[in-house]
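# Coordinate inspection notes
This is what each chain is made of:
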Amino acid sequence: MPPRWLAQIEDLSAEDARDLSKIEITALMGTAGVGVATYDSARGWVTSSAGRGAGGGSAGAMAAPAPR
């Protein structure tokens, strides 16, 4: 019986674009010293830590309400 070959090719451009977008947004938020709060139904309010870097503190970071 002759050998058989199986190959799989994936297009990862969508994942690459998503990763690049996350890096760019994080860099912009870090430069501006701001934070973002979003609501996730599984975890409640989730805040970013971009504003807590070298410039640090609450100067522009958003306060998230406590989950219920």
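Before going into details, it helps to say that this report is about the structure given with it.

Quick notes on the rules
- Residues numbered from 1 in each chain as written.
- Predicted model: local features only at pLDDT ≥ 70, side-chain atom pairs only at ≥ 80, totals over all residues.
- Heavy atoms only, no water.
- Helix = DSSP H or I, 4+ residues; strand = E, 2+ residues; numbered from the N terminus.
- Buried < 20%, exposed > 50% of the residue type's maximum accessible area, 1.4 Å probe, protein only.
- Areas by Shrake-Rupley, 256 points an atom, 1.4 Å probe, with all protein chains shown as cover.
- Pairing = 2+ DSSP bridges.
- Phe/Tyr/Trp six-rings, centres within 6.5 Å; stacked < 30°, edge-to-face > 60°.
- Expected span 1.5 Å × (residues − 1).
- Patch = residues over 30% accessible without salt bridge, like charges linked within 9 Å, V, L, I, M, F, W, Y side chains within 5 Å.
- Salt bridge = Lys/Arg side-chain N within 4 Å of Asp/Glu carboxyl O.
- Lys, Arg positive; Asp, Glu negative; His and termini not counted.
- Charge placed at Lys NZ, Arg CZ, Asp CG, Glu CD.

### Considerations on the overall build of the protein
- A tally of helices and strands in the protein yields 1 helix and 2 strands.
- For the protein, the α and β elements follow one another from N to C terminus as α-β-β.
- When burial is assessed residue by residue, the protein has 7% of its 68 residues classed as buried.
- Carbon and sulfur atoms make up 59% of the accessible area of the protein, which amounts to about 6,100 Å² in all.

### As for the pairing of strand S2 (residues 44-47)
- Here strand S1 (residues 37-40) runs beside S2; their pairing, made up of 4 bridges, is antiparallel. Pairing of tyrosine 39 across the sheet is with tryptophan 45, part of S2.
- Between S1 and the antiparallel strand that follows it, S2, lie 3 residues.

### Brief notes about the packing of aromatic side chains
- Tallied over the full model, the rule gives 1 aromatic pair.
- Measuring from ring centre to ring centre gives 5.4 Å for tyrosine 39 and tryptophan 45, while their planes differ by 65°; the resulting arrangement is edge-to-face.
- Using a relative accessible area of 34% as the deciding quantity, one classes tryptophan 45 as partly exposed.

### As for helix H1 (residues 13-32)
- Taking 1.5 Å of rise per residue, the 20 residues of H1 would be expected to cover 28 Å, and the 28 Å separating its terminal C-alpha atoms lies within 8% of that figure.
- Of the residues trailing H1, glycine 33 is marked for its positive phi of about 70°.

### Topic: a negative patch on the surface
- Together, Glu10, Asp11, Glu15 and Asp16 make up a region of like negative charge exposed at the surface.
- Given the relative accessible area of 62%, aspartate 11 is considered exposed.

So far we have only geometry, and geometry alone does not tell us how the molecule works.
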